[in-house]
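Chain by chain, the residues:
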Number of protein chains: 4
Amino acid sequence: MTAPLAPLCGRFEGLLHSYGVRVYHEDTDATAVVYHATYLRWFERARSDILALVGIDQPGAIDRGEGYYVVSEMAIRYLASARLADALVIETRCDEVGAASLRMTQTAMLGDKRLCEAKVRIGFVGPDGKPRRQPDEWRRAFASITDGTER
Amino acid sequence: MTAPLAPLCGRFEGLLHSYGVRVYHEDTDATAVVYHATYLRWFERARSDILALVGIDQPGAIDRGEGYYVVSEMAIRYLASARLADALVIETRCDEVGAASLRMTQTAMLGDKRLCEAKVRIGFVGPDGKPRRQPDEWRRAFASITDGTER
Amino acid sequence: MTAPLAPLCGRFEGLLHSYGVRVYHEDTDATAVVYHATYLRWFERARSDILALVGIDQPGAIDRGEGYYVVSEMAIRYLASARLADALVIETRCDEVGAASLRMTQTAMLGDKRLCEAKVRIGFVGPDGKPRRQPDEWRRAFASITDGTER
Amino acid sequence: MTAPLAPLCGRFEGLLHSYGVRVYHEDTDATAVVYHATYLRWFERARSDILALVGIDQPGAIDRGEGYYVVSEMAIRYLASARLADALVIETRCDEVGAASLRMTQTAMLGDKRLCEAKVRIGFVGPDGKPRRQPDEWRRAFASITDGTER
């Protein structure tokens, strides 16, 4: 019997979420390293993986017109570069849960080398794109993976 | 007085639509040439430009739940490669207009060198994603840029 | 003890290679389904995964200027659409191994529904982008996953 | 006689560089607005356009192994969203020219509405990816579009 395929491939160890990515051609550019906007796509995959793991059905909420999370601010530092076929881990911690927003720190790691680090502020918006309070259940789901420590 | 910026930058000469693109970092990969899926993005930009030029409001039709065009088949040949900063022209001809579909030929040119050629079949679908007859007005708009010549 | 993260997530069952992907925001467009060019990115990930599994070090060959594989032809049919968070499997079979080329069939599956199917012709090129014979070892690696059956 | 196609479509008015983009399907996601990483691609197009306009041949420098610019830090605020077919202008100002770095402010505008603003720090690196002094000529080219005003 073979192991199952793993498209939902992140996991938590304590409050730290780790999500593996491999660098494919689509992720690189003519300078032979990963294109800078690619990290944002990877960070978003990790956040979507977290939503699924903590039981938040965001695709359903979008379909039902209940609203969804958006990135409202990002502060990104690019520290080192990755190359084709490198196996990276995206590490995510939830730093703060507010009434209408979340703060996370996300880091792309190659082994123990930090490649890219982002402080991300997420807001909840209605189908009109305007900020609103996030659902209580969603807020509690994120509170369960946040220890309130300042970083 | 300065010339206006040109985000809608294609034009027709007779039945041939030409749309200029420049190769940016995002379009290339670690082999230093344009990534193969990039051509599909460029071809789609040219088709969206044609929709706007012939007076079809597809974004409005999507919002109103009236349906939209999708690619149903593509046969693509990659003939030569393009590099960072190359200025290309995407040439598009509409070959055939059916009740629920369109056929087009699209070519990415670097000067008079053919880089990539695609035969594209476009279908019209309802908001449920199921094929349906395209609006008469849309069909007529495409008929006006099609001479019915077999290619 | 926790299971390892799986960034290299494909596997062979006999000659059929399966590679799991999940649909993220980056893969969709304003029509709420997967953008048509996304399938080419997924197909390429699966092919890169196969290269690694059969022991071909393509990133190294690119760095050493020995050449690499490129897509030379693709015939794609879009049959059904996928939505945010869907878990898909990319199935790949190698149909034919030539002196300088490979032919594969790749299919994106959602459960047992076929979403997108591509017949892909891959060519080997030198660092100048010109076709050349593929390395014998690479040809043999692909021959080992090809049964020569016409499809 | 028809107007030329305009793939190099930005321009300076004084020290402000404006670059037009239109929102295509590839730029949006299932929430029907522009995907957050798309703005980074547009900002990079505008910066590449500036390089060409001030006479810096970055593609040539990459090919000759002389080095290139990379993004080292970005602080991004997302203020409002854009939709399919919107015509945006990317405004860029160079704020500071250092020995090995540049600072710019880039804003995506829809009419006079600010959609996304980024403070960008650019570093110059050698082919090994390590920071180095930028070429004098390149530094002077950027100094010519910088007035040294704090913003």
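Scroll up to find the structure.
What counts and what doesn't
- Residues numbered from 1 in each chain as written.
- Chains lettered and ligands numbered in written order.
- Predicted model: local features only at pLDDT ≥ 70, side-chain atom pairs only at ≥ 80, totals over all residues.
- Heavy atoms only, no water.
- Helix = DSSP H or I, 4+ residues; strand = E, 2+ residues; numbered from the N terminus.
- Rg over C-alpha atoms; globule rule 2.2 N^0.38 Å.
- Buried < 20%, exposed > 50% of the residue type's maximum accessible area, 1.4 Å probe, protein only.
- Contact = heavy atoms within 4.5 Å.
- Areas by Shrake-Rupley, 256 points an atom, 1.4 Å probe, with all protein chains shown as cover.
- Pairing = 2+ DSSP bridges.
- Axes fitted to C-alpha atoms, helices over the stretch in contact; angles between N-to-C directions.
- Polar contact = N/O pair within 3.5 Å; in protein donor to acceptor, adjacent residues only side chain to side chain.

(A) Just the overall build of chain A, in detail. When you go through chain A residue by residue, the secondary structure sums to three helices and six strands. For chain A, whose C-alpha radius of gyration is 16 Å, the value lies close to the compact-globule estimate of 15 Å for 151 residues. Over its C-alpha atoms, taken along the principal directions, chain A stretches across nearly 45 × 45 × 30 Å. In chain A, buried positions account for 57% of the 151 residues. In chain A, of all internal contacts separated by at least 6 residues, the share reaching a separation of at least 24 is 66%. Here chain A displays about 6,300 Å² of accessible surface, and carbon together with sulfur accounts for 50% of that area.

(B) Examining the sheet that holds strand 6 (residues 113-125) of chain B more closely. Pairing within the open sheet is antiparallel, and its 12 strands lie in the order 1(B)-2(B)-4(B)-5(B)-6(B)-3(B)-3(C)-6(C)-5(C)-4(C)-2(C)-1(C). In this open sheet, the two strands that pair with only one neighbour each are strand 1 (11-13) of chain B together with strand 1 (11-13) of chain C. Ignoring which end each strand starts from, the neighbouring axes of this sheet average 30° apart. In this sheet, strand 6 (residues 113-125) of chain C lies alongside strand 5 (residues 101-110) of chain C in antiparallel orientation, the contact comprising 10 bridges. Each residue of the ladder has a partner; that of C:Thr107, found in strand 6 of chain C, is C:Glu117.

(C) How the structure looks around the side chain of A:Ser48. Note on placement: A:Ser48 falls in helix 1 (residues 38-53). For A:Ser48, a relative accessible area of 19% translates into the label buried. Of the polar contacts made by the side chain of A:Ser48, one reaches the side chain of A:Glu44; its length is 2.7 Å. Leaving out residues up to four positions away in the same chain, A:Ser48 has contacts with C:Tyr24 and C:His25.

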